[in-house]
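Residue-level structural notes
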Amino acid sequence: MASNHKPSAARPASRGGMGLTGRPPSGIRPPSASIRVATGMPPGTARPGSRGGTIGTGGVLSSQIKVADRPVTQQGLSGMKTGMKGPQRQILDKSYYLGLLRSKISELTTEINKLQKEIEMYNQENSVYLSYEKRAETLAVEIKEFQGQLADYNMLVDKLNTNTEMEEVMNDYNMLKAQNDRETQSMDIIFTERQAKEKQIRSVEEEVEQEKQAADGIIKNMSPEKQVKYTEMKTTNEKLLQELDTLQQQLDSLNMKKESLEAEIAHSQVKQEAVLLHEKLYELESHRDQMIAEDKSMGSPMEERERLLKQVKEDNQEIASMEREMNQKYKELKKREENMDTFIETFEETKNQELERKAQIEANIVTLLEHSSRNINRMKQISSITNQELKMMQDDLNFKSTEMQKSQSTARNLTSDSQRLQLDLQKMELLESKMTEEQHSLKSKIKQMTADLETYNDLPALKSSGEEKKKKLHQERTVLTTRRNAFKKITEKLNVEYETLKTQLQENETHSQLTNLERKWQHHEQNNFVMKEFIATKSQESDYQSIMKTVTKQIAEYNKNLVDALHSMSRN
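Counting of residues starts from 1 at the beginning of each chain's written sequence and follows it residue by residue. For this predicted model, a pLDDT threshold of at least 70 governs which residues receive local features, and a threshold of 80 or more governs which side-chain atom pairs are given and counted, while totals over whole chains, interfaces and linings are taken from all residues. Only hydrogens and water are set aside when side-chain values are computed; all heavy atoms of the structure are taken into account.

An unreviewed UniProt entry annotates the protein as Intraflagellar transport 74 of Panthera leo.

**A look at the packing of helix H3 (residues 224-267) against helix H4 (residues 269-297)**
For the pair H3 and H4, interaxial distance at closest approach is 5 Å and the crossing angle is 110 degrees. Relative to H4, the element H3 is oriented roughly perpendicular. Here Glu-264, Ile-265, Ala-266 and His-267 of H3 lie close against H4, whose contacting residues are Gln-269, Lys-271, Gln-272 and Val-275. Split by residue class, the contact of H3 with H4 holds 3 nonpolar, 3 polar and 2 charged. The angle between two axes is taken between their N-to-C directions and runs from 0 to 180 degrees, where each axis is a line fitted to C-alpha atoms and a helix contributes only its stretch in contact. Only runs of H or I of at least four residues qualify as helices and only runs of E of at least two qualify as strands under DSSP, and these elements are numbered from the N terminus. With respect to orientation, any angle under 35 degrees is reported as roughly parallel, any angle over 145 as roughly antiparallel, any angle of 65 to 115 as roughly perpendicular, and every other angle as oblique. Contact between two residues is taken to exist if any of their heavy atoms lie within 4.5 Å; hydrogens are not considered. Any residue that is not Ala, Val, Leu, Ile, Met, Phe, Trp, Tyr, Cys, Pro, Asp, Glu, Lys or Arg is counted as polar, Gly included; the first ten are nonpolar and the last four charged.

**Description of the packing of aromatic side chains**
Under the pairing criterion, centres of Phe, Tyr and Trp rings, with the six-membered ring standing for Trp, must be within 6.5 Å; the plane angle then separates stacked pairs below 30 degrees from edge-to-face pairs above 60, leaving the rest tilted. The final tally for this structure, using the stated rule, is 1 aromatic pair. Their ring planes at 70 degrees and their centres at 5.3 Å tell us that Tyr-96 and Tyr-97 sit as a pair that is edge-to-face.

**What about the pattern of salt bridges?**
Basic side-chain nitrogens of Lys or Arg form a salt bridge, by our definition, when they fall within 4 Å of a carboxyl oxygen of Asp or Glu. Counting across every chain of the model gives 4 salt bridges. For Arg-194, the salt bridge identified is with Glu-198, shortest N-O distance 3.2 Å. Of this pair, Arg-194 and Glu-198 both sit in helix H2 (residues 166-221), separated by 4 residues, roughly a single helical turn. In this structure, the salt-bridge partner of Asp-289 is Arg-288, at a minimum N-O distance of 3.4 Å. Residue class for Asp-289 comes out partly exposed when judged on its relative accessible area of 41%. Using a 1.4 Å probe on the protein chains alone, a residue whose accessible area is under 20% of its type maximum counts as buried, one over 50% counts as exposed, and one in between counts as partly exposed. Assessed through its relative accessible area of 24%, Arg-288 is described here as partly exposed. Through salt bridges that share partners, Asp-417, Arg-420 and Asp-424 make up one connected network.

**Digging into a nonpolar patch on the surface**
Candidate patch residues must exceed 30% relative accessible area and have no salt bridge, after which like charges are joined if within 9 Å and Val, Leu, Ile, Met, Phe, Trp or Tyr side chains if within 5 Å. The accessible surface values rely on the Shrake-Rupley method and a 1.4 Å probe; as for residues, cover is taken only from the protein chains in view. A surface patch of nonpolar side chains, amounting to about 390 Å² of accessible area, comprises Met-166, Val-169, Met-170 and Tyr-173. Looking at where Val-169 falls in the secondary structure, it is placed in helix H2. The exposure class of Val-169 is partly exposed, given its relative accessible area of 32%.

**Comments concerning the nonpolar core**
Residues belong to a common nonpolar core when they are buried Ala, Val, Leu, Ile, Met, Phe, Trp, Tyr or Cys residues joined through side-chain atoms within 4.5 Å. The biggest cluster of nonpolar side chains holds 5 residues, and these are Met-326, Leu-333, Met-428, Met-435 and Leu-442. For this core, the element with the most residues is helix H6 (residues 387-457), which contributes 3 residues. Setting aside residues up to four positions removed in sequence, Met-428 forms contacts with Glu-332, Leu-333, Arg-336 and Glu-337.

Shown next, in the form of structure tokens:
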């Protein structure tokens, strides 16, 4: 044991020590060309203090190792034996695992560097591709321009070869010029309309901003409780809008899924037949459930008979009550109709009487006015009138004015009564039509109920028909279950074939290459579209043809005005 082993006086020097002058210990032998590695262990992974070399130079690790951390050997701390040839026992300590970790980390760093280089190469290729794409687009525009010029030159050569006259060429030129002028005018109109629309949009945006500011002012002027309530309602509104967006997205995805499934069903005849059979099966199952519910709800024949008799009694009571109401309404309508008839019969007479009375009152008013005018003239002529005569005249005037007001009020009352009676007549006609409709509907209900009573009285026939229907439904159910099982087997077989084909397709290298190429193609198409949009916007921004035309036109007009002014000055 290591604890019972007594250390001798002539203890050899520890590793790294040089106590003896004779043969050096095995741990501090001078290295030859390179440090000797322990047998059976990878280089650089020797445990500290063993025959893997000294601490300063050997192994991958360069960390300082304390003597206290030295593992206990079989000899303990008393001494050490000389090295033996052959494989030794290996102890996988901390340094060994650290070395492994560092080797793996170095491999990972090399792989990361490799991937970064590949990414940089890919980015360089992408940038070069974009530059080449831009160059190709510019060259394509130049080619189009040169092709147009070449077409013009070819047309000119054809005109020269065919000996066409100058007039035809000028006619063509004039036609093209007129067409170009029309197009420029239309472009100017479109430009002005666009400016007007932009102004309108700006004004609308300003109005919206003003409304927002006004709303903010109203919110600021609110009480704190209302502001808190407003913020809560605003947050709930935003949440509801987000939920609406998510639900709309889900609905769109479900609609797309539905469309794709419908397209798949439309392409395969087997799926169409399966869908039709499922629909038919659902209808038959619902019909079966309905029949089962009716069968469960049906009791014994006596109970059914009592239930039907009770229902018939209730229906008869309802019919009697409705007939009573109809009779009462009919009596009221009859009274109103009689009143309306009497009013209509006497309307012309009363109208003539009132008109005569009105004419008489108007004549009286005219005479009174004449009389009053004559009296006024007399009062002007006569200097002095007695108080008694003046009082009599005032009384007469008041009496006649009250009579005139009474006649006007009676005329107004008569017109209002006539309008009210006309409305009552219209209402009575509507009620009469409704009553006739209700009467027809009740008669049809009574007929149906009598027919139902006749059918329900014959209970054996009902039972036999129900049993026949039940048998038919059971037969149909068995047939449909067999067909459903057959279709299930077919669908399972088809699903297995589909899964196998799907796995084969996923394992196929050409398919994976095609999917990768499709993704690259989509990426390139997207870049192409973005670049085309960018070029189109920049070309629109840098389009100076319309401005050049307007400027040349204005210069020509300005020159013309100058020439006209000079001519007028020379004449003067």
